[in-house]
Amino acid sequence: MTPARTRRVGGSTAGGRVTKVACMGKEAGDVTIWATAAPAVSASFLASLVEMVEAFTIVFAVGSVRGWKPALSGSLAALLLLAILIAVLGPGLGHIPLTVLQLVIGVLLLLFGLRWLRKAILRAAGLLALHDEASVFAREDSRLRAAMTRDERQLDWIAGLAAFKAVTLEGIEVVFIVIAVGAGRGLVGWAALGAFGAFLLVLAIGLAVRGPLTRVPENALKFIVGIMLSAFGVFWTGEGLSVGWPGGEAMIPLLVLLFLVTGLAAAGLLRASERKAAS
Amino acid sequence: MKTLTAILLELYGLFVDDGALAVLALAVVALAALLAVGLHADGRVTGIVLVAGSVASLLFSVFRTKATRKSGS
């Protein structure tokens, strides 16, 4: 709230009361916008964070082995491709009927979210190995060093292609997440804001650390994102099928809670069963 | 060409990791769609099928993976 607004709200004239009501209405509107946008922003931010850490690891490996020229040119070419993809596909979204868009996006989100949640549960239970950025970095590093016997121009091409591939693949996932999380309710801008926040955070930490981001709790992030995307997926699929959820969008936090409890219970049961089998 | 194939495979892998989970989740959506569009069922029934079916698909997939690993080890 601005100081000017505080003064006016505190006034006792009729005009002051009108301003107060108007300000309260604006604040209520702000709260409503945030209540609607916050799940989209946070889901997009967290999911993009995971994807961007994965892309950064490869680009950093390329940069440290072959120098920053091929790493950055490969990344920039990938970003250009992604921008073209968004420019071509983006306007088309507006022509699709909303219920069809909600259904298609809901189903894709459900598949995407359940896939992440399943993997996170299995990793939390120790049935799958945790994703290790250090080993991804080492693998890419040794792959590029093994190619060092080829001539220089070919090496730069291979290195640039590795960066291009990593940024394109992870970038496509980010684009999908932004569209899927935001398009159902016209929140693509907010979801993009979340993704951009993740990009800035990874870039800032990457520049500070100057190494693979090994301390990111990737499984915990994937667990949370899997829960959020599954909840969004069920919600949008239901909207597309005109389910008419009780409480409307207030159903999303309840779905999040349901998937959280299910995920934690499943991971706990699997862990206990593993311990029992080991003893 | 290899890069394009990798991108297409990655796109597929974005949604499908465990084939059984994907098939089950799609079957749940198909059932919900049949209830909502074909049988004009109450929205609450469709909602319950969607929510319970998604959770059941997830649980089936993780416990099936555990059982497969156990029998394989």
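The shown structure was predicted, so the numbers you read here are calculated from the model rather than taken from an experiment. (Residues numbered from 1 in each chain as written. Chains lettered and ligands numbered in written order. Predicted model: local features only at pLDDT ≥ 70, side-chain atom pairs only at ≥ 80, totals over all residues. Heavy atoms only, no water.)

A. Focus on the environment of Glu-274 of chain A. Secondary-structure assignment places Glu-274 of chain A in helix α9 (residues 251-278). Judged by its relative accessible area of 30%, Glu-274 of chain A is partly exposed. Along the primary structure Glu-274 of chain A and Ala-125 of chain A are separated by 149 residues, whereas in three dimensions their C-alpha atoms are 7.9 Å apart. Apart from residues lying up to four places away in sequence, Glu-274 of chain A is in contact with Ala-125 and Leu-127 of chain A together with Lys-66 of chain B. A polar side-chain atom of Glu-274 of chain A sits 2.6 Å from a polar atom in the side chain of Lys-66 of chain B. (Helix = DSSP H or I, 4+ residues; strand = E, 2+ residues; numbered from the N terminus. Buried < 20%, exposed > 50% of the residue type's maximum accessible area, 1.4 Å probe, protein only. Contact = heavy atoms within 4.5 Å. Polar contact = N/O pair within 3.5 Å; in protein donor to acceptor, adjacent residues only side chain to side chain.)

B. Main features of the packing of aromatic side chains. All names here are of chain A. As enumerated under the stated definition, the model contains seven aromatic pairs over all chains in all. Note on Phe-112 and Trp-116: the rings are 5.3 Å apart at their centroids and 35 degrees apart in plane angle, and the pair reads as tilted. Taken together, the residues Phe-112 and Trp-116, both in helix α4 (residues 98-124) and four residues apart, mark about one turn of the helix. Both residues of the pair, Phe-112 and Trp-116, count as buried. On the numbers, 6.1 Å between centres and 20 degrees between planes, the contact of Phe-235 with Trp-245 is stacked. With a gap of 10 residues between them, Phe-235 in helix α8 (residues 218-240) and Trp-245 in the loop between α8 and α9 connect regions that are remote in the sequence. The two residues Phe-235 and Trp-245 agree in class, both being buried. An aromatic cluster is built from Phe-56, Phe-60 and Trp-68, whose rings are joined through pairwise contacts. (Phe/Tyr/Trp six-rings, centres within 6.5 Å; stacked < 30°, edge-to-face > 60°.)

C. Just the side chain of Ser-230 of chain A, in detail. Along the chain, Ser-230 of chain A falls in helix α8. Every residue in contact with Ser-230 of chain A, bar those within four places of it in the chain, is listed here: Leu-110, Gly-113, Leu-114, Leu-117 and Phe-259 of chain A.

D. Broad picture of the pattern of salt bridges. According to the stated counting rule, one finds seven salt bridges over all chains in the structure shown. Of the charged contacts, one joins Asp-17 of chain B and Arg-118 of chain A as a salt bridge, the two residues approaching to 3.2 Å between their closest N and O atoms. Placement of Asp-17 of chain B in the loop between α1 (2-15) and α2 (19-38) and of Arg-118 of chain A in helix α4 is noted, with the two residues assigned to different chains. Looking at Arg-118 of chain A, the relative accessible area reads 8%, which means it is buried. (Salt bridge = Lys/Arg side-chain N within 4 Å of Asp/Glu carboxyl O.)

E. The arrangement of the environment of Ile-121 of chain A in detail. With respect to the secondary-structure elements, Ile-121 of chain A resides in helix α4. Among the residues examined, Ile-121 of chain A registers a relative accessible area of 0% and is labelled buried. Ile-121 of chain A sits 149 residues away from Leu-270 of chain A along the chain, and the two C-alpha atoms are 8.7 Å apart. Not counting chain neighbours up to four residues away, the residues in contact with Ile-121 of chain A comprise Phe-223, Gly-263, Ala-266, Ala-267 and Leu-270 of chain A together with Leu-58 and Val-62 of chain B.

F. Molecular detail of α2 of chain B. All names here are of chain B. Look at α2: 27 Å from first C-alpha to last across 20 residues, which is about the 28 Å you get at 1.5 Å a residue. Within α2 the residues assigned to the buried category are Leu-21, Ala-22, Ala-25, Val-28, Val-29, Ala-32, Leu-35 and Ala-36. Along the axis of α2, the buried positions cluster into a sector of 155 degrees, meaning they face one direction only. Summarising the geometry of α2, the exposed residues directed more than 90 degrees from the buried face are Val-23 and Val-37. A positive backbone phi angle near 50 degrees is found at His-40, which sits one or two residues after α2. (Expected span 1.5 Å × (residues − 1). Arc of directions from axis to C-beta.)

G. Representation of helix α7 (residues 188-209) of chain A. Residues and elements named next belong to chain A. For α7, spanning 22 residues, the distance from its first C-alpha to its last is 31 Å, which sits close to the expected 32 Å at 1.5 Å a residue. Listed as buried for α7 are Ala-191, Gly-194, Ala-195, Ala-198, Val-202 and Gly-206. Seen from one end, α7 has its buried residues packed into an arc of 100 degrees, which puts them on one side. Along α7, the residues that are exposed and aim more than 90 degrees away from the buried face are Gly-189, Leu-207 and Ala-208. Just beyond α7, the residue with positive phi is Arg-210, at close to 55 degrees.

H. Main features of the confidence of the model for chain B. On average, chain B scores 86 in pLDDT, and the residues at 70 or more come to 92%. Across chain B, the secondary-structure element scoring lowest on mean pLDDT is α1 of chain B, at 74, and the one scoring highest is α2 of chain B, at 93. (pLDDT = per-residue confidence, 0-100.)

I. A look at unusual backbone geometry. If you check the backbone angles, Ser-242 of chain A has positive phi at about 55 degrees while not being a glycine. Positive phi, normally seen in glycine, also occurs at His-40 of chain B, with a value near 50 degrees. The residue His-40 of chain B is located in the loop between α2 and α3 (43-72) in this model. Overall, His-40 of chain B belongs to the exposed group, its relative accessible area being 65%.

J. Structural context of the interface of chain B and chain A. Taken together, the 35 residues of chain B in the interface contact 38 residues of chain A. Summed over both sides, the interface of chain B with chain A buries roughly 3300 Å², with 80% coming from carbon and sulfur. The largest per-residue losses of area from chain B upon contact with chain A belong to Leu-14, Phe-15 and Lys-66 of chain B, which jointly make up 20% of the total buried on that side. Linking chain B with chain A are four salt bridges, by the criterion used here. (Buried area = accessible area lost by both parts, 1.4 Å probe.)

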